[in-house]
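# What the coordinates show
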Amino acid sequence: MTHGPRSGLTAVSTALLAMSRHLEVRDVLKTIVVSARELLDAEYAALGVPDDHGGFAQFVVDGVSDDQWKAIGPLPRQHGILAAMLKEATPQRLADVRLDHRFEGWPDAHPDMSDFIGMPVADGDEILGALFLANKRGLANKRCPKPDGGCGFTAEDEELLSVLAQHAAIALTNARLYERSRELTIAGERARLAHELHDAVSQKLFSLRLTAQAAAALVDRDPARAKGELHQVARLAAEAADELRAAVVELRPAGLDEDGLVATLRTQVKVLDRAQAAAKVTFAAQGVKALPAAQEEALLRVAQEALHNALRHSGARTVDVSLTRRGHGAALRVSDDGQGFDPSAVRRAGRHLGLVSMRDRANGVGGGLTVDSAPGKGTTIEMEVPGG
């Protein structure tokens, strides 16, 4: 199958749009491989990201079943044609990869491959990976007839793959930068949590100690007052326990990959509801479908920040969390009946209550955030994401 200029441009455009929708490295890698295979009508496609030890840190394939992949065994090493693309940064287009002098064979379970095209994925002088495809297909997904001694993949295929690889490098670099920024954000969240523990729990424990000392001093000369102080000790101890339980919830790794966003949010809300004696926390979800990984994580983190503010700072008696389908995406709503605040006054005072980080998270995944609050009127935070 030969691509005309219009169909080739359309196919490349579709592939680039698909890559731009993802921020997670693993999602970007898979999208690159699937897009390349569809673009060139290949039977197999793979992308290897090298490590620093002669192997691959990641190796993503398309056209190979899970059972085949398991039977093939460990990830390949950097040798043969793969090594040539990684070291020389030059495209490779071969009539039969098995006849090339650099070919070193493959495992017994590996599918049979003949015509081959490979393209390095590079960012300047840095080789980010090696993208290769095998077995050009024609009509009815059958092997494409090849000219005598020639490769089924054409010069036009190589040009299209080169364009795709250049944009793949940009998408992969952006994904890596996003993951790095997320690591820094997690470090910042840990620092914030440490600060909260110091401010909330440590102060309560200090008050608890002083109150207990006062009760001990009053036991003999004023038992009635000592009894009152002991009631205060019990109250402070309960509050400190609530703070610690809430901190544990924030520290606990979110099970997004295993459980999905709805189940993860439901679990965290349930734990917070049990941990917080002073407030009732509820959760409801309706019609939400799986979203891109970056959007699900952003929604979870915004929900956690909003819950943190409502339970620690607002004095709320009830906090309601909801997640609903909105078009192809979803809308998160966290509403409390607490003391509320003036958002403009908070900004002028230089206090953000996490609002800046929440807006950054929403904007970072193509979504939006609104805050509705006023003194004595409670607070409602809404975040919407577009979906995949």
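Structure's up top.
Analysis parameters
Within any chain, residue numbers begin from 1 and follow the written order of that chain's sequence. Local features are withheld for residues below a pLDDT of 70 in this predicted model, meaning they are given only at 70 or higher, and side-chain atom pairs are given and counted only at 80 or more; totals for whole chains, interfaces and linings count all residues. As a rule here, side-chain values come from all non-hydrogen atoms in the structure, and water together with hydrogens is ignored. In this scheme, strands are said to pair when DSSP sees at least two bridges between them. Each helix is a run of DSSP H or I of at least 4 residues and each strand a run of E of at least 2, with the numbering of both proceeding from the N terminus. Note on geometry: axes are lines fitted to C-alpha atoms, helical ones only across the stretch in contact, with angles between N-to-C directions running from 0 to 180 degrees. Note on definitions: a residue-residue contact is assigned when non-hydrogen atoms from the two residues lie within 4.5 Å. Accessible area is worked out with a 1.4 Å probe on protein chains only. A residue is then buried under 20% of its type maximum, exposed over 50%, and partly exposed in between. This arc describes the spread of directions from the helix axis toward the C-beta atoms.

Before going further, it helps to spend a moment on the sheet that holds strand β7 (residues 318–326). Within a sheet, each strand pairs with its neighbour through backbone hydrogen bonds, oriented either parallel or antiparallel. In spatial order, the strands read β6-β7-β8-β10-β9; together these five strands make up an open sheet with mixed pairing. The open sheet has two edge strands with one neighbour each: β6 (280–286) and β9 (368–373). Averaged over all adjacent pairs, the angle separating strand axes in this sheet is 10°, with direction ignored. With six bridges connecting them, β9 and strand β10 (residues 379–385) associate as antiparallel partners. Directly across from Ser373, in β10, lies its bridge partner Thr379. Across the sheet, helix α8 (residues 293–313) is in contact with β6, β7, β8 (329–336), β9 and β10; its angle to β8 comes to roughly 5°. Where helix α10 (residues 355–364) meets the sheet, its contacts fall on β9 and β10, and the angle it forms with β9 comes to roughly 145°.

Moving on, we get to α10. Among all positions of α10, only Leu355, Met358, Arg361 and Ala362 are buried. Along the long axis of α10, the arc covered by the buried residues comes to 125°, so they all point the same way. Residues of α10 that are exposed and point over 90 degrees away from its buried face: Asp360 and Asn363. Remark: Gly366 follows α10 within two positions and exhibits a positive phi of approximately 80°.

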